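Structural features, examined
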2 protein chains.
Amino acid sequence: MAAVPSTVAVVGLGLIGGSVLRALAGRYPAVGYDTDPGTRELAAAAGHRVPPTLGEAVAGAGVVVLAVPLPALPPVLADLAGILPPGAVVTDVTSVKEPVRAAARGLRYVGGHPMAGTEHSGFAAGDAALFAGAAWVLCVEDDTDLRAWLELAALVTATGARVVPCTARDHDRAVARVSGLPHVLAATLALGAGDPLSRALAAGSYRDGTRVAGTRPELSAALCEGNRVALAQALDGEIDRLVEARDRLRGGAGLRDLFASGRAARELWEAARGAGSDVDLDPADHDLRVALLDLGRAGGHVTGVQLDRLRCWRPTAG
Amino acid sequence: MAAVPSTVAVVGLGLIGGSVLRALAGRYPAVGYDTDPGTRELAAAAGHRVPPTLGEAVAGAGVVVLAVPLPALPPVLADLAGILPPGAVVTDVTSVKEPVRAAARGLRYVGGHPMAGTEHSGFAAGDAALFAGAAWVLCVEDDTDLRAWLELAALVTATGARVVPCTARDHDRAVARVSGLPHVLAATLALGAGDPLSRALAAGSYRDGTRVAGTRPELSAALCEGNRVALAQALDGEIDRLVEARDRLRGGAGLRDLFASGRAARELWEAARGAGSDVDLDPADHDLRVALLDLGRAGGHVTGVQLDRLRCWRPTAG
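Residues numbered from 1 in each chain as written. Chains lettered and ligands numbered in written order. Predicted model: local features only at pLDDT ≥ 70, side-chain atom pairs only at ≥ 80, totals over all residues. Heavy atoms only, no water.

Remarks on the sheet that holds strand 1 (residues 8–11) of chain A
Residues and elements named next belong to chain A. Pairing is parallel across the open sheet formed by five strands, whose spatial order is 2-1-3-4-5. The two strands at the open ends of the sheet, each matched to only one other strand, are strand 2 (30–33) and strand 5 (109–110). As paired strands, strand 1 and strand 3 (residues 63–66) are joined by four bridges and run parallel to one another. For V11, the partnering residue across the bridge sits in strand 3 and is L66. Set on the sheet, helix 1 (residues 15–24) makes contact with strand 1 and strand 2; between it and strand 1 the angle comes to about 155°. Packing of helix 6 (residues 146–158) onto the sheet brings it into contact with strand 1, strand 3, strand 4 (89–92) and strand 5, and relative to strand 4 it is tilted by some 55°. (Pairing = 2+ DSSP bridges. Helix = DSSP H or I, 4+ residues; strand = E, 2+ residues; numbered from the N terminus. Contact = heavy atoms within 4.5 Å. Axes fitted to C-alpha atoms, helices over the stretch in contact; angles between N-to-C directions.)

A few points about the relation of the copies chain B and chain A
The transformation that overlays chain B on chain A combines an axial shift of 0.0 Å with a rotation of 180°, and the residual RMSD is 0.0 Å. On the angle and the small slide along the axis, the relation comes out as a two-fold axis. (Least-squares fit on C-alpha atoms with pLDDT ≥ 70 in both.)

Structural notes on the packing of helix 7 (residues 168–192) of chain A against helix 11 (residues 228–250) of chain A
Residues and elements named next belong to chain A. Between helix 7 and helix 11, whose axes approach to 8 Å, the crossing angle comes to 65°. Note on packing geometry: the crossing formed by helix 7 with helix 11 is right-handed. Facing D172, R173, A176, R177, G180, L181, V184 and L185 of helix 7, the residues of helix 11 in contact are A230, L231, A234, L235, E238 and R241. Taken together, the residues of the contact of helix 7 with helix 11 sort by class into eight nonpolar, one polar and five charged. (Left-handed = near helix turned anticlockwise from the far one by under 90°. Nonpolar A, V, L, I, M, F, W, Y, C, P; charged D, E, K, R; others polar.)

Details of the pattern of salt bridges
Across all of its chains, the model carries 36 salt bridges over all chains by this definition. In this structure, B:R108 engages B:D145 in a salt bridge whose closest nitrogen and oxygen atoms are separated by 2.8 Å. Taken as a pair, B:R108 in the loop between helix 5 (98–103) and strand 5 (109–110) and B:D145 in the loop between strand 7 (135–139) and helix 6 (146–158) lie far apart in primary sequence, 37 residues in all. Assessed through its relative accessible area of 30%, B:D145 is described here as partly exposed. One salt bridge in this structure joins B:R211 and B:D208, with 2.8 Å as the shortest N-O distance. A relative accessible area of 9% places B:D208 in the buried class. Put simply, A:R207, A:D208, A:R211, B:R207, B:D208 and B:R211 are held in one network by salt bridges that share partners. (Salt bridge = Lys/Arg side-chain N within 4 Å of Asp/Glu carboxyl O. Buried < 20%, exposed > 50% of the residue type's maximum accessible area, 1.4 Å probe, protein only.)

Re the sheet that holds strand 2 (residues 30–33) of chain B
All names here are of chain B. Pairing is parallel across the open sheet formed by five strands, whose spatial order is 2-1-3-4-5. Each edge of the open sheet carries a strand with a single partner, namely strand 2 and strand 5. Direction of pairing for strand 4 (residues 89–92) relative to strand 5: parallel, over a ladder of two bridges. The residue of strand 5 that forms the bridge with V90 is Y109. Packing of helix 4 (residues 73–80) onto the sheet brings it into contact with strand 1 (8–11), strand 3 (63–66) and strand 4, and relative to strand 3 it is tilted by some 155°. Packed on one face of the sheet, helix 6 meets strand 1, strand 3, strand 4 and strand 5 and runs near 55° to strand 4.

So, the side chain of A:D208
Looking at the element boundaries, A:D208 is found in helix 9 (residues 204–210). For A:D208, the side chain forms a polar contact with the side chain of A:R211, separated by 2.8 Å. Once you skip the residues sitting within four places of it in the chain, A:D208 turns out to touch B:D208, B:G209 and B:R211. (Polar contact = N/O pair within 3.5 Å; in protein donor to acceptor, adjacent residues only side chain to side chain.)

Examining the interface of chain B and chain A
Counting residues at the interface gives 87 residues for chain B and 87 residues for chain A. Carbon and sulfur atoms supply 69% of the area buried between chain B and chain A, which totals about 7,900 Å² over both sides. On the surface where chain B and chain A come into contact, there are eight salt bridges. Here the side of chain B that touches chain A takes 18 residues from helix 7 (residues 168–192) of chain B, the largest share from any one element. Residues of the side of chain B that touches chain A, tallied by class, amount to 45 nonpolar, 19 polar and 23 charged. (Buried area = accessible area lost by both parts, 1.4 Å probe.)

Topic: helix 6 of chain A
Residue and element names in this part refer to chain A. In this model, helix 6 (13 residues) spans 18 Å end to end at C-alpha, consistent with the 18 Å of a helix rising 1.5 Å per residue. Of all 13 residues that make up helix 6, twelve are buried, and the element is covered over most of its length. Among all positions of helix 6, only L146, A148, W149, L150, E151, L152, A153, A154, L155, V156, T157 and A158 are buried. Taken from the residues just after helix 6, G160 is the one with a positive phi, measuring 100°. (Expected span 1.5 Å × (residues − 1).)

Some remarks on the nonpolar core
Ranked by internal contacts, the top residues of the largest apolar core, which has 47 residues, are B:L138, B:W149, B:L292, B:V302 and B:L310. Elements supplying a minimum of two residues to this core: strand 1, helix 1 (15–24), strand 3, strand 7, helix 6, helix 13 (288–297), strand 10 (301–305) and strand 11 (310–315) of chain B. In this structure B:L292 touches B:V140, B:L146, B:W149, B:P165, B:L281, B:V302 and B:L310, once residues within four positions along its chain are discounted. One finds A:L13, A:V50, A:L152 and A:L295 within the second-largest nonpolar core, a separate group that totals 46 residues. (Core = buried A, V, L, I, M, F, W, Y, C linked by side-chain atoms within 4.5 Å.)

Some details on the packing of aromatic side chains
One pass over the full model with this rule turns up four aromatic pairs over all chains. Seen from their ring centres, A:F131 and A:W136 are 5.0 Å apart, and the 50° between their planes marks the pair as tilted. As far as the burial class goes, A:F131 and A:W136 line up, both buried. A ring pair is formed by A:Y206 and B:W269, whose centres lie 5.0 Å apart and whose planes are at 65°; its orientation type is edge-to-face. Here A:Y206 is found in helix 9, whereas its partner B:W269 is found in helix 12 (residues 256–272) on a different chain. Per residue, the accessibility class of A:Y206 equals that of B:W269, and both read buried. (Phe/Tyr/Trp six-rings, centres within 6.5 Å; stacked < 30°, edge-to-face > 60°.)

Any functional reading would require information that these geometric values do not contain.
What follows is the structure, encoded as structure tokens:
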């Protein structure tokens, strides 16, 4: 986007931060930092610039990527208060956006969330290709600085991710539905079939439905508790659907409509990867904020950022 | 088991019946039958004995395996009324056992359910190895003829399956938990994430959790509606667990205990395939009925039937 790319400071060099640092190598001047000296050594040994203090890491940075877990964000934001260069754009990578937005008030902040990860953690597990093809949310709010947003969108597309624009509120609601809820359902399904006879008879549908119950409990809990308002709402909806199914069974009615619409929804998800078209947005459009939110709400994303245009993809309405 | 194996008539030559016929070839004298002439031709062309009428198929049979879908069972049972050889053992392969038990009253009937299948159907999709390693429930009730049960257990282990003994009631309850419930949850999860933004952000946990929502709706509906009493109960339990999780989130509490116990249940399922020991039961034991039900309730199964002993496997208590 910018003629001269900003220096990027990646704070927190676990799986995500370590992958961001690797993905930007050669594309952006980038600096890494982690509170753990061993992690800093690993990253330095891998050829990255890793100063010994947070202050040195962010000095001169045009973009600061906070790649620390949710509970570590408030203290890091407090540490940054006095040392952040004026005008620096701050973003994060945590799985919930409304609480972080509140915590980052006063900064030139754009909430971010790459929908990528593996079951591994730590710098060594990082991978320059982790974000290739993944969705990466960048939040658009009424008060979002769109120049900052575009600068981040350029950076995110440079990692190979597609940028999904949406509000923090819409993000949290969607993530509750596609990530928090599946984690809760996997755990409750596994618990419901906890007797030995059920386990002896369990096969394919149990295996798929409980797979994510194998996640480390502290990770699932952090994901869900960080997004408790939206997840409680998603659970309201799920409970309603199950009550309806149960009452239909008790009332002698059928579940064919439920299964037909569930299958249609699942097939729409599979199909949406293919059925759509490339469109351009004008980064100078005075309605850009509205156009971006409309794109995200339709299931579309930004694939590339150029000085005179935003290259986008928009699914065929389904 | 018996010195001379009985002739087996397999009625219904779809995926399951066709696979049973193939799996028994060379081990039992077996005859197949299907109401569809094209299916009979296919099976005959594959080298099986396939008489043109149900009467000829079951004449002389010591065992009749009803491999027809649940809705077709009552008419087939009615057709068999006058023509079943005296003393013939009747079993079925449908996914619900209490309603069939009621329909088969008066016959020398043992309910059966092989926990095997693919997304394909029809005789051509059949496979002699379909049951290798799969659980195959054979029901044990207060009034079950244990000689008939043992004869079927020998036949089932000859297909490569492991025989899980349990009551129809316990079967239906377990199947509701490990099969009906996962199908309902996959459909409701897919529906809950039906908006384009959610679909755009959906990844691994959504993919796994909704996989079985891709099943043909009429199959999922038949599976669930056939077992409506037990599935409604399983849904009661699931709704309770979700209400508790939602209330904890709304009340500011955590979900770590839920995820820890869900993970433990899932890991117990994975581990139970390995941790156990071989034990023998005596087929002449006058407490055999109790011993079999105890084995099934503990998550164990019968692996082989010999004249003087039943070879069994029992998991280590977990």
